[in-house]
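# Results of the structural survey
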Amino acid sequence: MITMICLPHETQLYEDIPTSRWPIVYSTDYNITFIGLEKLHPFDSGKWGKIINFLRDEKLITDDTIVTAKEATEDDLLVVHTRRYINKLKWSFVVATITEIPPLVLLPNFLVQRRVLKPLRTQTGGTIMAGKLAIERGWAINVGGGFHHCSSDKGGGFCAYADITLAIKFLFERVEGVSKATIIDLDAHQGNGHARDFMDDKRVYIMDMFNRHIYPGDTFAKRAIKRRIELDWGTEDKEYLEKVETHVKGALNEITPDVIIYNAGTDILDGDPLGGLSISPQGIIKRDEIVFSIARSRSIPILMVTSGGYQKRTARIIADSILNLHNLGLISNSLKNEPRI
């Protein structure tokens, strides 16, 4: 009897990256601009480029020292997504529903693919690439991604591809020694997409802290969350940061993963039209510092994605947070004292 061995498909997303480049992943293709239609959604669809510009202005990075994201191909996406779901995205009304931009329904799908879905596929490729870099370097940041409402067969909440699930599945399939992952989801919204994907997968531990009163309210998906912290309207810095520190430590005490995927949404910011929480810019910077400090002190590789954030000022806050991590020595481009591969 011959046993067939299924090898992973060929992909450009796991190519080796020169050590001269920081494990910060970005592409100009992340940004969505399309005759003003992007303004019909509260999301700042150009925030990713603004983050990079701020980091460039502060002399942290140059175009030659960051990693250019590549678009996830259909074969890459099929590692998680069903063929049926990928085919559904060929209908403009489906994409209009997922992205919450109704006028997209009137546009030919080739334009929707090029101007809306390609940026999201490129961010998805960036998250997958950053997963490998996190294992190699000890940390990585995808300046985009964090589409935590999308699962293998359903999108929603501006999330068309399940980049968090994909990054984890790629690591499990392709990187020796990576068999356990912890998702720390600190976006204001419940991360129901990856929760549905890993519902019965004991290799993935999910911690999710979110506003209990807002979208998506997915009761079924909550069953997959191992550590669930539901917040009330208007939660402020002191309570929030105490819970972050307590529960991140608690989650990592329960299981020591081979990698952390940190969904660092900034829609927790005070005044966010969709988040409903009251965290200050300084609170967001401190939150990221707490998560990275705990991960780095335990030598657990960490991948950060930026997820939700619906105010123009979030780009500056994310850039300031990355600068703070660097100033504290929590991220650097040195391979010294980094976690093992």
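Residues numbered from 1 in each chain as written. Predicted model: local features only at pLDDT ≥ 70, side-chain atom pairs only at ≥ 80, totals over all residues. Heavy atoms only, no water.

For the chain, an unreviewed UniProt entry supplies the name Histone deacetylase 11 and the organism Engystomops pustulosus. Entered under Sequence similarities (unreviewed entry) in the UniProt record, the comment concerning the chain runs "Belongs to the histone deacetylase family." Under Subunit (unreviewed entry), UniProt gives the following word-for-word description of the chain: "Interacts with HDAC6." (UniProt positions renumbered as here; feature names shortened; annotations may be inferred.)

## Focus: the nonpolar core
Formed by 117 residues in total, the largest nonpolar core has its most connected members in Ile168, Leu186, Tyr240, Tyr262 and Phe292. Among the elements that make up this core, the one with the highest residue count is helix H5 (residues 109-137) (10 residues). Those residues in contact with isoleucine 168 that sit more than four places away from it in its chain are Ala181, Ile183, Phe198, Val204 and Ile261. (Core = buried A, V, L, I, M, F, W, Y, C linked by side-chain atoms within 4.5 Å. Buried < 20%, exposed > 50% of the residue type's maximum accessible area, 1.4 Å probe, protein only. Helix = DSSP H or I, 4+ residues; strand = E, 2+ residues; numbered from the N terminus. Contact = heavy atoms within 4.5 Å.)

## A few points about the sheet that holds strand S4 (residues 181-185)
Paired through their backbone hydrogen bonds, the strands of a sheet run either parallel or antiparallel. The 8 strands are arranged S2-S1-S3-S8-S7-S4-S5-S6 in an open sheet whose pairing can be described as parallel. With partners counted over all chains shown, the strands left at the sheet margins are strand S2 (67-68) and strand S6 (227-231), one partner each. Of the pairings in the sheet, the one linking strand S3 (residues 139-142) to strand S8 (residues 302-305) comprises 4 bridges and is parallel in character. Along S8, the bridge assignment pairs alanine 140 with leucine 303. Here helix H9 (residues 281-297) sits on the sheet in contact with S3, S4, strand S7 (259-263) and S8, set at roughly 160° to S8. (Pairing = 2+ DSSP bridges. Axes fitted to C-alpha atoms, helices over the stretch in contact; angles between N-to-C directions.)

## Quick word on the packing of aromatic side chains
Centre distance and the angle of the planes are the two values used to describe a pair of aromatic rings. What the rule picks out here adds up to 5 aromatic pairs. When the centroid spacing of 6.1 Å and the interplanar angle of 65° are considered together, the rings of tryptophan 22 and tryptophan 139 count as edge-to-face. Placement of tryptophan 22 in the segment before strand S1 (24-26) and of tryptophan 139 in strand S3 is noted, with a sequence separation of 117 residues between them. As far as burial versus exposure is concerned, tryptophan 22 and tryptophan 139 are alike and both buried. Here tyrosine 262 and phenylalanine 292 contribute two aromatic rings whose centre-to-centre distance is 6.5 Å and whose plane-to-plane angle is 70°, an arrangement assigned as edge-to-face. On the criterion of sequence distance, the pair formed by tyrosine 262 in strand S7 and phenylalanine 292 in helix H9 is long-range, its members being 30 residues apart. The class for tyrosine 262 is buried, based on a relative accessible area of 0%. Judged by its relative accessible area of 0%, phenylalanine 292 falls in the buried class. A cation over a ring is seen here: arginine 174 above tyrosine 14, with NZ or CZ 5.9 Å from the ring centre. Of note, arginine 316 hangs over the ring of phenylalanine 54, and the distance from its end group to the ring centre comes to 4.4 Å. (Phe/Tyr/Trp six-rings, centres within 6.5 Å; stacked < 30°, edge-to-face > 60°. Lys NZ or Arg CZ within 6 Å of the ring centre and 35° of its normal.)

## Looking at a nonpolar patch on the surface
Residues Trp91, Phe93, Val105 and Leu106 make up a contiguous nonpolar surface patch of about 480 Å² in total accessible area. Within the fold, phenylalanine 93 resides in helix H4 (residues 92-99). (Patch = residues over 30% accessible without salt bridge, like charges linked within 9 Å, V, L, I, M, F, W, Y side chains within 5 Å. Areas by Shrake-Rupley, 256 points an atom, 1.4 Å probe, with all protein chains shown as cover. Salt bridge = Lys/Arg side-chain N within 4 Å of Asp/Glu carboxyl O.)

## Considering the side chain of asparagine 142
For asparagine 142, the position within the fold is in strand S3. A polar side-chain atom of asparagine 142 sits 3.1 Å from the main-chain carbonyl oxygen of glutamine 123. Within the local environment of asparagine 142, its side chain forms a polar contact with the side chain of threonine 127, the two groups lying 2.8 Å apart. Asparagine 142 has contacts with Val25, Tyr30, Gln123, Gly126, Thr127, Ala130, Leu303, Met304, Val305 and Thr306, leaving out every residue within four places of it along the chain. (Polar contact = N/O pair within 3.5 Å; in protein donor to acceptor, adjacent residues only side chain to side chain.)

## As for the packing of H9 against helix H10 (residues 314-327)
At a closest axis distance of 9 Å, the pairing of H9 and H10 adopts a crossing angle of 40°. Classified by the interaxial angle, the pair formed by H9 and H10 is oblique. Crossing hand, H9 versus H10: right-handed. Counted together, Pro281, Ile284, Ile285, Asp288, Glu289 and Phe292 of H9 and Ile317, Asp320, Ser321, Asn324 and Leu325 of H10 form the full contact between these two elements. Tallied by class, the residues present in the contact of H9 with H10 amount to 6 nonpolar, 2 polar and 3 charged. (Parallel < 35°, antiparallel > 145°, perpendicular 65-115°, else oblique. Left-handed = near helix turned anticlockwise from the far one by under 90°. Nonpolar A, V, L, I, M, F, W, Y, C, P; charged D, E, K, R; others polar.)

## Details of the pattern of salt bridges
A side chain of one charge can pair with a side chain of the opposite charge if their charged atoms are brought near each other. Evaluation of the coordinates by the stated rule reveals 20 salt bridges. For aspartate 232, the salt bridge goes to arginine 212, with nearest N and O atoms at 3.2 Å. Here aspartate 232 is found in the loop between S6 and helix H8 (237-254), whereas its partner arginine 212 is found in the loop between strand S5 (204-211) and S6, with 20 residues between them in sequence. Exposure remark for aspartate 232: the relative accessible area of 41% places this residue in the partly exposed category. Linking glutamate 239 and lysine 243 is a salt bridge whose minimum nitrogen-to-oxygen distance equals 2.9 Å.

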